[in-house]
Amino acid sequence: MGKLIIDGGGKVSGEIRVQGAKNAVLPILAATVMADGVSTLKNCPKLRDVDKTDLVLERLGCKVIREDGAVTVDTRGMCDCKICEDLMREMRSSIIFLGAIISRCKRAVVSMPGGCPIGLRPIDLHLKALKELGVEIQEEHGYIKCAAPKLVGANIHLDFPSVGATENAMLAAVCARGTTTISNAAREPEITDLGNFLNSMGANVHGMGSGVITIHGVEKLHGADHTIMPDRIVAATYLAASAVTGGEMCLTNVNPRDMDAMLYALREMGVKLRVERDKIIQTAPERLKSIHTVRTMPYPGFPTDIQSPFMALACTARGTSVFVENIFENRFQNVDELTRMGADIKTEGRTAVIRGVKRLEGANVVARELRGGASLVIAALAANGTTTVSGVELIDRGYENIEKYLLECGAKIRRE
Ligand code: EPZ
(Lines give C-alpha, C1' and ligand atoms only; values in the text may rest on other atoms or scores of the structure.)
Protein backbone atom coordinates (compact mmCIF):
# COMPACT_ATOMS: atom_id res chain seq x y z
CA MET A 1 0.00 0.00 0.00
CA GLY A 2 1.36 3.43 -0.96
CA LYS A 3 1.49 6.17 1.61
CA LEU A 4 1.64 9.94 2.04
CA ILE A 5 4.15 11.42 4.49
CA ILE A 6 2.98 14.79 5.81
CA ASP A 7 4.85 17.21 8.09
CA GLY A 8 2.09 19.31 9.59
CA GLY A 9 2.00 22.80 11.03
CA GLY A 10 2.67 25.01 7.99
CA LYS A 11 0.04 27.08 6.19
CA VAL A 12 -1.52 25.70 3.01
CA SER A 13 -1.96 28.72 0.76
CA GLY A 14 -2.04 29.14 -3.00
CA GLU A 15 -4.15 28.62 -6.10
CA ILE A 16 -5.69 25.36 -7.35
CA ARG A 17 -7.53 24.70 -10.61
CA VAL A 18 -10.25 22.23 -9.59
CA GLN A 19 -10.38 18.90 -11.44
CA GLY A 20 -13.39 17.53 -13.31
CA ALA A 21 -16.05 15.81 -11.21
CA LYS A 22 -15.59 12.07 -10.60
CA ASN A 23 -19.30 11.58 -9.94
CA ALA A 24 -20.21 13.29 -13.20
CA VAL A 25 -17.63 11.66 -15.49
CA LEU A 26 -18.41 8.09 -14.37
CA PRO A 27 -22.10 8.06 -15.44
CA ILE A 28 -21.27 10.12 -18.54
CA LEU A 29 -18.61 7.60 -19.61
CA ALA A 30 -21.24 4.88 -19.17
CA ALA A 31 -23.72 6.92 -21.24
CA THR A 32 -21.33 7.03 -24.22
CA VAL A 33 -22.18 3.39 -25.04
CA MET A 34 -25.76 4.41 -25.82
CA ALA A 35 -24.66 5.96 -29.12
CA ASP A 36 -23.01 4.02 -31.94
CA GLY A 37 -20.35 6.67 -32.45
CA VAL A 38 -17.55 8.76 -30.96
CA SER A 39 -17.77 11.02 -27.90
CA THR A 40 -15.07 13.25 -26.42
CA LEU A 41 -15.18 14.33 -22.78
CA LYS A 42 -12.99 17.28 -21.81
CA ASN A 43 -11.83 18.19 -18.27
CA CYS A 44 -11.79 14.47 -17.46
CA PRO A 45 -9.95 13.91 -14.15
CA LYS A 46 -7.03 11.44 -13.96
CA LEU A 47 -8.41 9.06 -11.32
CA ARG A 48 -8.25 5.34 -10.56
CA ASP A 49 -12.04 5.13 -10.85
CA VAL A 50 -11.91 6.68 -14.33
CA ASP A 51 -9.18 4.20 -15.34
CA LYS A 52 -11.39 1.34 -14.15
CA THR A 53 -14.37 2.71 -16.09
CA ASP A 54 -12.20 2.96 -19.20
CA LEU A 55 -11.41 -0.74 -18.67
CA VAL A 56 -15.12 -1.60 -18.53
CA LEU A 57 -15.63 0.27 -21.81
CA GLU A 58 -12.75 -1.62 -23.44
CA ARG A 59 -14.08 -4.96 -22.17
CA LEU A 60 -17.41 -4.07 -23.85
CA GLY A 61 -15.50 -3.63 -27.13
CA CYS A 62 -15.19 0.15 -27.16
CA LYS A 63 -12.01 2.03 -27.98
CA VAL A 64 -10.82 4.54 -25.34
CA ILE A 65 -8.18 7.17 -26.03
CA ARG A 66 -6.92 9.46 -23.28
CA GLU A 67 -4.89 12.53 -24.05
CA ASP A 68 -4.15 15.69 -22.01
CA GLY A 69 -7.24 15.87 -19.84
CA ALA A 70 -9.71 14.55 -22.43
CA VAL A 71 -11.04 11.06 -23.06
CA THR A 72 -12.45 9.92 -26.41
CA VAL A 73 -14.71 6.87 -26.53
CA ASP A 74 -15.45 5.11 -29.83
CA THR A 75 -18.34 2.71 -29.25
CA ARG A 76 -18.73 1.50 -32.84
CA GLY A 77 -16.93 -1.73 -31.98
CA MET A 78 -19.11 -2.53 -28.97
CA CYS A 79 -19.60 -6.31 -28.95
CA ASP A 80 -20.60 -7.27 -25.43
CA CYS A 81 -23.28 -6.40 -22.91
CA LYS A 82 -21.79 -8.06 -19.81
CA ILE A 83 -19.85 -6.64 -16.85
CA CYS A 84 -18.02 -9.44 -15.09
CA GLU A 85 -17.48 -9.97 -11.40
CA ASP A 86 -13.82 -8.94 -11.35
CA LEU A 87 -14.56 -5.48 -12.71
CA MET A 88 -17.67 -4.99 -10.59
CA ARG A 89 -15.79 -5.99 -7.46
CA GLU A 90 -13.05 -3.55 -8.42
CA MET A 91 -15.58 -0.73 -8.69
CA ARG A 92 -19.20 -1.20 -7.62
CA SER A 93 -20.26 2.09 -9.22
CA SER A 94 -19.97 0.28 -12.58
CA ILE A 95 -23.62 -0.56 -11.88
CA ILE A 96 -24.31 2.72 -13.64
CA PHE A 97 -23.59 0.89 -16.95
CA LEU A 98 -26.77 -1.14 -16.48
CA GLY A 99 -29.22 1.41 -17.86
CA ALA A 100 -26.84 2.44 -20.64
CA ILE A 101 -26.16 -1.12 -21.88
CA ILE A 102 -29.86 -1.99 -21.77
CA SER A 103 -30.63 1.13 -23.77
CA ARG A 104 -28.14 0.16 -26.48
CA CYS A 105 -28.40 -3.65 -26.50
CA LYS A 106 -31.88 -4.24 -25.07
CA ARG A 107 -30.22 -6.69 -22.67
CA ALA A 108 -27.45 -6.66 -20.06
CA VAL A 109 -25.74 -9.00 -17.62
CA VAL A 110 -23.89 -7.47 -14.67
CA SER A 111 -22.38 -8.98 -11.56
CA MET A 112 -24.07 -7.89 -8.33
CA PRO A 113 -22.14 -4.80 -7.17
CA GLY A 114 -22.17 -5.68 -3.48
CA GLY A 115 -21.33 -3.25 -0.73
CA CYS A 116 -18.28 -1.20 0.12
CA PRO A 117 -16.65 0.10 3.34
CA ILE A 118 -19.21 2.90 3.79
CA GLY A 119 -22.31 0.77 3.52
CA LEU A 120 -24.34 -2.07 1.99
CA ARG A 121 -25.10 0.02 -1.09
CA PRO A 122 -28.30 -1.82 -2.15
CA ILE A 123 -29.61 -1.35 -5.71
CA ASP A 124 -33.29 -2.15 -5.12
CA LEU A 125 -34.35 1.33 -6.31
CA HIS A 126 -32.34 0.91 -9.53
CA LEU A 127 -34.00 -2.42 -10.32
CA LYS A 128 -37.49 -1.20 -9.40
CA ALA A 129 -37.16 1.75 -11.78
CA LEU A 130 -35.85 -0.45 -14.62
CA LYS A 131 -38.76 -2.89 -14.15
CA GLU A 132 -41.21 0.02 -14.49
CA LEU A 133 -39.61 0.72 -17.89
CA GLY A 134 -40.30 -2.85 -19.01
CA VAL A 135 -36.98 -4.50 -18.16
CA GLU A 136 -37.29 -8.19 -17.22
CA ILE A 137 -34.79 -8.92 -14.45
CA GLN A 138 -33.47 -12.23 -13.14
CA GLU A 139 -31.02 -12.40 -10.25
CA GLU A 140 -29.09 -15.65 -10.09
CA HIS A 141 -25.64 -16.93 -9.16
CA GLY A 142 -24.54 -13.42 -8.20
CA TYR A 143 -25.49 -11.93 -11.56
CA ILE A 144 -28.32 -9.63 -12.63
CA LYS A 145 -29.66 -10.66 -16.04
CA CYS A 146 -31.78 -8.05 -17.82
CA ALA A 147 -33.84 -8.35 -20.98
CA ALA A 148 -35.77 -5.44 -22.48
CA PRO A 149 -37.33 -6.40 -25.81
CA LYS A 150 -39.01 -3.00 -25.75
CA LEU A 151 -38.44 -0.19 -23.31
CA VAL A 152 -41.63 1.76 -22.61
CA GLY A 153 -41.85 5.14 -20.90
CA ALA A 154 -43.29 5.09 -17.36
CA ASN A 155 -44.06 7.28 -14.36
CA ILE A 156 -41.35 6.33 -11.87
CA HIS A 157 -41.32 7.42 -8.24
CA LEU A 158 -38.12 6.86 -6.25
CA ASP A 159 -38.70 6.07 -2.57
CA PHE A 160 -35.39 7.83 -1.89
CA PRO A 161 -33.68 10.41 -4.19
CA SER A 162 -30.90 7.94 -5.00
CA VAL A 163 -28.24 9.40 -7.32
CA GLY A 164 -27.42 6.08 -8.99
CA ALA A 165 -31.04 4.98 -9.33
CA THR A 166 -31.92 8.34 -10.91
CA GLU A 167 -29.02 7.97 -13.35
CA ASN A 168 -29.86 4.37 -14.32
CA ALA A 169 -33.51 5.30 -14.86
CA MET A 170 -32.51 8.28 -17.03
CA LEU A 171 -30.16 6.15 -19.14
CA ALA A 172 -32.76 3.43 -19.69
CA ALA A 173 -35.53 5.93 -20.47
CA VAL A 174 -33.90 8.17 -23.10
CA CYS A 175 -34.62 5.70 -25.95
CA ALA A 176 -37.76 4.15 -24.46
CA ARG A 177 -40.99 4.54 -26.43
CA GLY A 178 -43.05 7.41 -24.99
CA THR A 179 -42.51 9.70 -22.02
CA THR A 180 -40.95 8.92 -18.65
CA THR A 181 -41.18 11.00 -15.50
CA ILE A 182 -38.91 10.34 -12.54
CA SER A 183 -40.30 11.93 -9.38
CA ASN A 184 -38.36 12.31 -6.14
CA ALA A 185 -35.32 12.20 -8.45
CA ALA A 186 -31.88 13.10 -7.09
CA ARG A 187 -31.09 16.80 -7.64
CA GLU A 188 -27.28 16.63 -7.47
CA PRO A 189 -25.43 18.83 -10.02
CA GLU A 190 -23.85 15.67 -11.44
CA ILE A 191 -27.34 14.57 -12.54
CA THR A 192 -27.72 17.85 -14.41
CA ASP A 193 -24.32 17.33 -16.06
CA LEU A 194 -25.42 13.85 -17.18
CA GLY A 195 -28.73 15.21 -18.52
CA ASN A 196 -26.90 17.93 -20.46
CA PHE A 197 -24.59 15.33 -22.00
CA LEU A 198 -27.56 13.12 -22.95
CA ASN A 199 -29.27 16.08 -24.62
CA SER A 200 -26.09 16.83 -26.56
CA MET A 201 -26.33 13.20 -27.81
CA GLY A 202 -29.82 13.93 -29.11
CA ALA A 203 -31.90 12.92 -26.08
CA ASN A 204 -34.84 14.94 -24.77
CA VAL A 205 -34.37 15.25 -20.98
CA HIS A 206 -35.76 18.08 -18.84
CA GLY A 207 -36.17 19.04 -15.18
CA MET A 208 -32.74 17.96 -13.89
CA GLY A 209 -32.14 19.54 -10.49
CA SER A 210 -35.86 20.06 -9.84
CA GLY A 211 -36.71 16.69 -8.31
CA VAL A 212 -38.93 15.72 -11.27
CA ILE A 213 -37.17 14.68 -14.48
CA THR A 214 -39.17 14.31 -17.71
CA ILE A 215 -37.75 12.29 -20.61
CA HIS A 216 -39.34 12.08 -24.06
CA GLY A 217 -37.99 8.92 -25.73
CA VAL A 218 -36.06 9.33 -29.00
CA GLU A 219 -35.14 6.77 -31.67
CA LYS A 220 -31.40 7.10 -31.70
CA LEU A 221 -28.51 8.94 -30.07
CA HIS A 222 -25.23 10.11 -31.60
CA GLY A 223 -21.78 10.73 -30.13
CA ALA A 224 -21.17 14.15 -28.62
CA ASP A 225 -18.49 16.35 -27.07
CA HIS A 226 -18.87 17.55 -23.49
CA THR A 227 -16.85 19.31 -20.81
CA ILE A 228 -17.17 17.66 -17.40
CA MET A 229 -18.33 19.95 -14.57
CA PRO A 230 -15.89 20.87 -11.79
CA ASP A 231 -15.71 18.53 -8.79
CA ARG A 232 -17.51 20.32 -5.96
CA ILE A 233 -16.36 17.78 -3.32
CA VAL A 234 -12.70 18.07 -4.32
CA ALA A 235 -13.09 21.86 -4.30
CA ALA A 236 -14.44 21.85 -0.73
CA THR A 237 -11.72 19.39 0.31
CA TYR A 238 -9.00 21.83 -0.77
CA LEU A 239 -10.78 24.70 0.96
CA ALA A 240 -10.75 22.57 4.11
CA ALA A 241 -7.06 21.69 3.65
CA SER A 242 -6.24 25.40 3.64
CA ALA A 243 -8.76 26.44 6.32
CA VAL A 244 -7.42 23.96 8.89
CA THR A 245 -3.95 25.59 8.62
CA GLY A 246 -5.16 29.23 8.70
CA GLY A 247 -4.13 29.65 5.06
CA GLU A 248 -5.42 31.55 2.02
CA MET A 249 -6.77 29.55 -0.92
CA CYS A 250 -7.92 30.59 -4.39
CA LEU A 251 -9.87 27.95 -6.36
CA THR A 252 -10.38 28.37 -10.11
CA ASN A 253 -12.51 26.33 -12.55
CA VAL A 254 -15.10 25.86 -9.81
CA ASN A 255 -18.87 26.36 -9.71
CA PRO A 256 -19.73 28.03 -6.35
CA ARG A 257 -23.46 27.67 -7.09
CA ASP A 258 -23.09 23.89 -6.58
CA MET A 259 -21.54 24.41 -3.15
CA ASP A 260 -23.98 26.49 -1.06
CA ALA A 261 -24.27 24.08 1.89
CA MET A 262 -20.50 23.57 2.11
CA LEU A 263 -19.63 27.27 1.81
CA TYR A 264 -22.26 28.07 4.44
CA ALA A 265 -20.61 25.59 6.84
CA LEU A 266 -17.15 27.05 6.18
CA ARG A 267 -18.43 30.57 6.89
CA GLU A 268 -20.00 29.31 10.13
CA MET A 269 -16.55 28.01 11.10
CA GLY A 270 -15.10 31.47 10.59
CA VAL A 271 -13.52 31.63 7.14
CA LYS A 272 -13.95 34.67 4.89
CA LEU A 273 -15.06 33.80 1.34
CA ARG A 274 -15.09 35.91 -1.81
CA VAL A 275 -17.14 34.16 -4.48
CA GLU A 276 -16.98 34.96 -8.19
CA ARG A 277 -18.53 33.17 -11.21
CA ASP A 278 -15.91 30.40 -11.43
CA LYS A 279 -13.60 31.31 -8.58
CA ILE A 280 -13.59 31.12 -4.74
CA ILE A 281 -11.08 33.02 -2.60
CA GLN A 282 -10.92 31.90 1.03
CA THR A 283 -9.08 33.44 4.00
CA ALA A 284 -9.07 31.40 7.19
CA PRO A 285 -8.56 32.55 10.80
CA GLU A 286 -5.74 31.18 12.96
CA ARG A 287 -8.27 28.84 14.59
CA LEU A 288 -11.70 27.84 13.28
CA LYS A 289 -14.91 27.89 15.32
CA SER A 290 -16.89 24.71 15.88
CA ILE A 291 -19.93 24.06 13.74
CA HIS A 292 -23.16 23.63 15.67
CA THR A 293 -24.72 20.66 13.90
CA VAL A 294 -24.06 19.22 10.45
CA ARG A 295 -26.67 16.83 9.00
CA THR A 296 -25.82 15.10 5.70
CA MET A 297 -28.75 15.17 3.28
CA PRO A 298 -29.46 14.65 -0.42
CA TYR A 299 -28.65 17.73 -2.53
CA PRO A 300 -29.05 20.65 -1.93
CA GLY A 301 -28.41 19.56 1.68
CA PHE A 302 -24.95 19.10 3.17
CA PRO A 303 -23.20 16.44 1.04
CA THR A 304 -22.31 13.13 2.70
CA ASP A 305 -19.06 13.06 0.70
CA ILE A 306 -17.67 16.12 2.52
CA GLN A 307 -18.72 14.96 6.00
CA SER A 308 -15.40 13.22 6.77
CA PRO A 309 -13.15 15.98 5.35
CA PHE A 310 -15.07 18.60 7.35
CA MET A 311 -14.93 16.46 10.49
CA ALA A 312 -11.16 16.93 10.35
CA LEU A 313 -11.78 20.70 10.52
CA ALA A 314 -13.89 20.29 13.65
CA CYS A 315 -11.13 18.32 15.42
CA THR A 316 -9.07 21.46 16.11
CA ALA A 317 -11.87 24.05 16.03
CA ARG A 318 -12.79 26.06 19.13
CA GLY A 319 -15.82 24.38 20.77
CA THR A 320 -17.92 21.27 20.14
CA SER A 321 -19.36 20.19 16.78
CA VAL A 322 -21.99 17.56 16.03
CA PHE A 323 -22.10 15.59 12.76
CA VAL A 324 -25.10 13.44 11.82
CA GLU A 325 -24.55 11.07 8.85
CA ASN A 326 -28.00 10.38 7.38
CA ILE A 327 -27.00 8.87 4.02
CA PHE A 328 -24.59 5.97 4.62
CA GLU A 329 -24.56 3.64 7.59
CA ASN A 330 -20.80 3.33 8.03
CA ARG A 331 -19.17 6.63 7.25
CA PHE A 332 -17.29 7.27 10.51
CA GLN A 333 -14.35 4.93 9.79
CA ASN A 334 -11.93 7.83 9.94
CA VAL A 335 -12.85 8.47 13.60
CA ASP A 336 -10.51 5.79 15.01
CA GLU A 337 -7.63 7.17 12.98
CA LEU A 338 -8.36 10.79 13.93
CA THR A 339 -8.47 9.67 17.56
CA ARG A 340 -4.97 8.21 17.16
CA MET A 341 -3.92 11.76 16.26
CA GLY A 342 -5.39 13.10 19.50
CA ALA A 343 -8.88 14.07 18.33
CA ASP A 344 -11.69 13.98 20.90
CA ILE A 345 -14.61 12.31 19.07
CA LYS A 346 -17.48 10.27 20.47
CA THR A 347 -19.78 8.41 18.06
CA GLU A 348 -23.16 6.87 18.73
CA GLY A 349 -24.95 5.35 15.72
CA ARG A 350 -25.09 8.03 13.03
CA THR A 351 -24.00 10.86 15.33
CA ALA A 352 -20.46 12.01 16.05
CA VAL A 353 -19.66 14.62 18.72
CA ILE A 354 -16.31 16.34 18.21
CA ARG A 355 -14.77 18.45 20.99
CA GLY A 356 -12.11 20.66 19.44
CA VAL A 357 -8.55 20.29 20.79
CA LYS A 358 -5.78 22.85 20.32
CA ARG A 359 -3.50 20.66 18.24
CA LEU A 360 -3.49 17.16 16.81
CA GLU A 361 -0.32 15.03 16.94
CA GLY A 362 1.24 13.37 13.91
CA ALA A 363 0.79 9.56 13.84
CA ASN A 364 0.67 6.55 11.53
CA VAL A 365 -2.89 6.30 10.23
CA VAL A 366 -4.70 4.21 7.60
CA ALA A 367 -7.24 5.34 4.99
CA ARG A 368 -10.17 2.87 4.94
CA GLU A 369 -12.08 4.57 2.11
CA LEU A 370 -11.87 7.56 -0.20
CA ARG A 371 -13.30 10.50 1.75
CA GLY A 372 -12.13 9.21 5.12
CA GLY A 373 -8.65 9.14 3.64
CA ALA A 374 -8.98 12.77 2.55
CA SER A 375 -9.99 13.70 6.09
CA LEU A 376 -6.78 12.14 7.45
CA VAL A 377 -4.72 14.23 5.02
CA ILE A 378 -6.49 17.38 6.22
CA ALA A 379 -5.91 16.48 9.86
CA ALA A 380 -2.24 15.74 9.15
CA LEU A 381 -1.69 19.16 7.56
CA ALA A 382 -2.59 20.83 10.87
CA ALA A 383 -0.96 18.28 13.19
CA ASN A 384 2.21 18.69 15.18
CA GLY A 385 4.94 16.54 13.63
CA THR A 386 4.85 13.88 10.94
CA THR A 387 1.85 11.78 9.88
CA THR A 388 1.97 8.76 7.59
CA VAL A 389 -1.31 8.10 5.77
CA SER A 390 -1.32 4.55 4.33
CA GLY A 391 -3.81 3.40 1.68
CA VAL A 392 -3.23 6.33 -0.61
CA GLU A 393 -4.63 4.25 -3.52
CA LEU A 394 -8.06 4.79 -1.97
CA ILE A 395 -7.55 8.55 -2.01
CA ASP A 396 -6.39 8.34 -5.65
CA ARG A 397 -9.84 7.02 -6.54
CA GLY A 398 -11.29 10.52 -6.22
CA TYR A 399 -8.42 13.01 -5.91
CA GLU A 400 -6.13 13.63 -8.87
CA ASN A 401 -2.50 13.88 -7.71
CA ILE A 402 -3.44 15.15 -4.26
CA GLU A 403 0.15 15.61 -3.09
CA LYS A 404 1.09 17.67 -6.18
CA TYR A 405 -1.69 20.21 -5.59
CA LEU A 406 -0.96 20.49 -1.86
CA LEU A 407 2.81 20.71 -2.39
CA GLU A 408 2.24 23.65 -4.76
CA CYS A 409 0.35 25.35 -1.92
CA GLY A 410 3.19 25.01 0.58
CA ALA A 411 2.31 21.72 2.27
CA LYS A 412 5.18 19.45 3.31
CA ILE A 413 3.90 16.25 1.73
CA ARG A 414 5.40 13.39 -0.30
CA ARG A 415 4.27 10.04 -1.62
CA GLU A 416 6.18 6.82 -0.89
C1 EPZ B 1 -23.44 8.46 -5.39
O2 EPZ B 1 -23.48 7.15 -4.87
C3 EPZ B 1 -21.98 8.89 -5.33
N4 EPZ B 1 -21.16 8.01 -6.15
C5 EPZ B 1 -21.48 8.84 -3.88
O6 EPZ B 1 -20.15 9.32 -3.86
C7 EPZ B 1 -22.36 9.78 -3.05
O8 EPZ B 1 -21.96 9.70 -1.69
C9 EPZ B 1 -23.83 9.37 -3.18
O10 EPZ B 1 -24.21 9.36 -4.58
C11 EPZ B 1 -24.75 10.31 -2.44
O12 EPZ B 1 -24.58 11.61 -2.92
C13 EPZ B 1 -21.14 8.19 -7.49
O14 EPZ B 1 -21.81 9.06 -8.02
C15 EPZ B 1 -20.24 7.29 -8.28
P16 EPZ B 1 -27.25 6.89 -3.60
P17 EPZ B 1 -24.87 6.28 -4.99
O18 EPZ B 1 -27.85 5.86 -4.47
O19 EPZ B 1 -25.53 6.59 -6.26
C20 EPZ B 1 -29.56 4.11 -0.51
C21 EPZ B 1 -17.87 9.33 -3.29
O22 EPZ B 1 -17.24 9.36 -2.21
N23 EPZ B 1 -29.99 3.34 -1.69
O24 EPZ B 1 -27.73 8.30 -3.67
O25 EPZ B 1 -24.55 4.88 -4.69
C26 EPZ B 1 -28.08 3.88 -0.21
O27 EPZ B 1 -27.91 2.73 0.59
C28 EPZ B 1 -19.10 8.44 -3.42
O29 EPZ B 1 -17.57 9.99 -4.30
C30 EPZ B 1 -30.93 2.32 -1.52
O31 EPZ B 1 -31.38 2.05 -0.43
O32 EPZ B 1 -25.69 6.91 -3.77
C33 EPZ B 1 -27.71 5.13 0.53
O34 EPZ B 1 -28.09 4.99 1.89
C35 EPZ B 1 -19.43 7.70 -2.15
N36 EPZ B 1 -31.33 1.61 -2.61
C37 EPZ B 1 -28.60 6.21 -0.09
O38 EPZ B 1 -29.62 5.52 -0.80
C39 EPZ B 1 -30.84 1.88 -3.87
O40 EPZ B 1 -31.27 1.21 -4.84
C41 EPZ B 1 -27.86 7.13 -1.08
O42 EPZ B 1 -27.35 6.34 -2.08
C43 EPZ B 1 -29.89 2.92 -4.02
C44 EPZ B 1 -29.48 3.64 -2.92
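These numbers were taken from a predicted model, which means no experiment stands behind them.

Of the two faces of strand 13 (residues 212-216), the one holding I213 and I215 is buried and the one holding V212, T214 and H216 is not buried anywhere. Here strand 11 (residues 179-183) runs beside strand 13; their pairing, made up of 5 bridges, is antiparallel. Its bridge partner being in strand 13, T180 is matched across the sheet by I215.

One pass over the structure, following the stated rule, counts 2 aromatic pairs. A centroid spacing of 5.8 Å and a plane angle of 50° characterise the contact between Y238 and Y405, whose relative ring orientation is tilted. Within this pair, whereas Y238 is found in helix 8 (residues 232-243), its partner Y405 is found in helix 14 (residues 402-407), the two being separated by 167 residues in sequence. We note that Y238, like Y405, is buried. Seen in terms of ring centroids, F302 and F310 are 5.7 Å apart; in terms of plane orientation they differ by 65°. Their pairing is edge-to-face.

Examined against the element boundaries, D258 turns out to sit in the loop between strand 15 (248-252) and helix 9 (260-268). Although D258 is buried, it forms no salt bridge, and the closest oppositely charged side chain is R232 at an N-O distance of 5.7 Å. In contact with D258, other than residues within four places in its own chain, are P189, M229, R232 and Y299.

Among the residues of helix 5 (residues 124-132), L125, H126, L127, A129 and L130 are the ones counted as buried. Packed against the buried residues of helix 5 are helix 4 (97-105), strand 8 (136-140), strand 9 (143-147), strand 10 (155-157) and helix 6 (163-173). In the stretch just after helix 5, G134 is the one whose phi turns positive, near 95°.

Taken together, 22 residues form the shell around the ligand, and within it D124, L125, S162, D305 and I327 come nearest. Within the contact set of the ligand, an oxygen atom lies 3.1 Å away from a side-chain nitrogen or oxygen of N23. S162 places a side-chain nitrogen or oxygen 2.7 Å from an oxygen atom of the ligand. Protein coverage of the free-state accessible area of the ligand, which is 830 Å², stands at 85%. It is helix 5 that provides the largest number of residues to the shell around the ligand, a total of 3 residues. Broken down by class, the residue content of the shell around the ligand amounts to 9 nonpolar, 6 polar and 7 charged.

About the thresholds
Sequence positions are assigned chain by chain, starting from 1 and proceeding in written order. Reporting in this predicted model follows two pLDDT cut-offs: at least 70 for local features of residues, and 80 or more for side-chain atom pairs to be given and counted; totals over whole chains, interfaces and linings ignore these cut-offs and use all residues. Heavy atoms from the whole structure form the basis of all side-chain values; hydrogens and water molecules are not counted. Type-normalised accessible area, obtained with a 1.4 Å probe on protein chains alone, sets the label of each residue: buried when under 20%, exposed when over 50%, and partly exposed for intermediate values. Secondary structure follows DSSP: runs of H or I at least 4 residues long count as helices, runs of E at least 2 residues long count as strands, and numbering of each begins at the N terminus. Paired strands, as defined in this entry, are two strands with at least two bridges between them according to DSSP. Pairing of aromatic rings covers Phe, Tyr and Trp, the last counted by its six-membered ring, and requires centre-to-centre distances within 6.5 Å; plane angles under 30 degrees mean stacked, over 60 mean edge-to-face, and any other angle means tilted. Lys and Arg are tallied as positive, Asp and Glu as negative. Neither His nor the chain termini are counted. Salt bridge, as applied in this entry: a Lys or Arg side-chain nitrogen positioned within 4 Å of an Asp or Glu carboxyl oxygen. Any two residues having at least one pair of non-hydrogen atoms within 4.5 Å are treated as being in contact. Working definition: residue near molecule or strand if any one of its non-hydrogen atoms lies within 4 Å of it. As used in this structure description, the phrase polar contact means that two N or O atoms lie within 3.5 Å; if the pair is within protein, one of them must be able to donate a hydrogen and the other to accept it, and residues adjacent in sequence are counted only when both atoms belong to side chains. Each accessible area is a Shrake-Rupley result for a 1.4 Å probe, and residues are judged covered by the shown protein chains and nothing else. Each residue is assigned to one of three groups, with Ala, Val, Leu, Ile, Met, Phe, Trp, Tyr, Cys and Pro labelled nonpolar, Asp, Glu, Lys and Arg labelled charged, and all others, Gly among them, labelled polar.

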